[in-house]
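In case you want the letters, here they are:
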Amino acid sequence: MRLLLDEQASRDALRELLGYTLLNETKADDEVLVYFSGHGETLGSGGRPMGYLMPADAEAERPGVTGLAMSELVGWMGSWPAQRRLLIADACYSGLAVPSVRRIRAAEAPGTAECRPRTQVPVTAVLVAGRQGGLANETDAGGVFTDAFLQALDGIE
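Residues numbered from 1 in each chain as written. Predicted model: local features only at pLDDT ≥ 70, side-chain atom pairs only at ≥ 80, totals over all residues. Heavy atoms only, no water.

**Notes on the sheet that holds strand 6 (residues 123-128)**
Inference 1: The sheet built from three strands is open, its strands ordered 1-5-6 with parallel pairing. Strand pairing shows two members of the sheet lacking a second neighbour, strand 1 (31-37) and strand 6, which therefore form its edges. Within this sheet the neighbouring strands show an average axis-to-axis angle of 10°, counted without direction.
Inference 2: Of the strand pairs in this sheet, strand 1 and strand 5 (residues 84-90) are connected by seven bridges, and their pairing is parallel. By the bridge assignment for strand 5, Val 32 is matched with Arg 85.
Inference 3: Against the sheet, helix 3 (residues 70-79) engages strand 5 and strand 6, with an angle of about 160° to strand 5. (Pairing = 2+ DSSP bridges. Helix = DSSP H or I, 4+ residues; strand = E, 2+ residues; numbered from the N terminus. Axes fitted to C-alpha atoms, helices over the stretch in contact; angles between N-to-C directions. Contact = heavy atoms within 4.5 Å.)

**Examining a nonpolar patch on the surface**
Inference 1: On the surface, Leu 33, Leu 86 and Leu 127 cluster together to form a nonpolar patch covering roughly 240 Å² of accessible area.
Inference 2: Considering the arrangement of structural elements, one finds Leu 33 in strand 1. (Patch = residues over 30% accessible without salt bridge, like charges linked within 9 Å, V, L, I, M, F, W, Y side chains within 5 Å. Areas by Shrake-Rupley, 256 points an atom, 1.4 Å probe, with all protein chains shown as cover. Salt bridge = Lys/Arg side-chain N within 4 Å of Asp/Glu carboxyl O.)

**Let's talk about the side chain of Thr 21**
Inference 1: Mapping Thr 21 onto the fold places it in helix 1 (residues 11-25).
Inference 2: By relative accessible area, which is 11% here, Thr 21 ends up buried.
Inference 3: Discounting residues that sit within four places of it in the chain, Thr 21 has contacts with Arg 2, Glu 16 and Thr 26. (Buried < 20%, exposed > 50% of the residue type's maximum accessible area, 1.4 Å probe, protein only.)

**Topic: the nonpolar core**
Inference 1: Core analysis: the biggest nonpolar cluster contains 17 residues, and Leu 18, Leu 22, Val 34 and Trp 80 have the highest contact counts within it.
Inference 2: Within the residue set of this core, elements represented by two or more residues are helix 1, strand 1 and helix 3.
Inference 3: Residue contacts for Leu 22: discarding those within four places in its chain leaves Leu 17, Val 32, Val 34, Trp 80 and Pro 81. (Core = buried A, V, L, I, M, F, W, Y, C linked by side-chain atoms within 4.5 Å.)

Here is the structure:
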């Protein structure tokens, strides 16, 4: 387990972990969970907005330079050798990660995919606090999504 809190969660540290370490240190039978709780920003509008997770050292007015693009993060996830990969993000505009993950390969279109044991099918999933373009709700105690998620985990026996 790797835990990056506050200033430890810099852009360089996140890029090192997500774009290098997980690619080189995970094995095919591993499971990887990445949980990000923080700020998010978006650039652009219309049909092609880009979402960014904002590391501890990011500059809100320069997300394209100092943030982590959601598309880049989802791309890294697809390259990790791990069998199962899950991104959970409690950040504004985190829904921008979902469209790039939701795809069905032509060979696995509904009705043509054969049943395979779960261990043979790599899975990449994304669970986010809001929709594309949406703000994540917060209280004085922190993110509403994170609070609800922790409560749900607490109920698992």
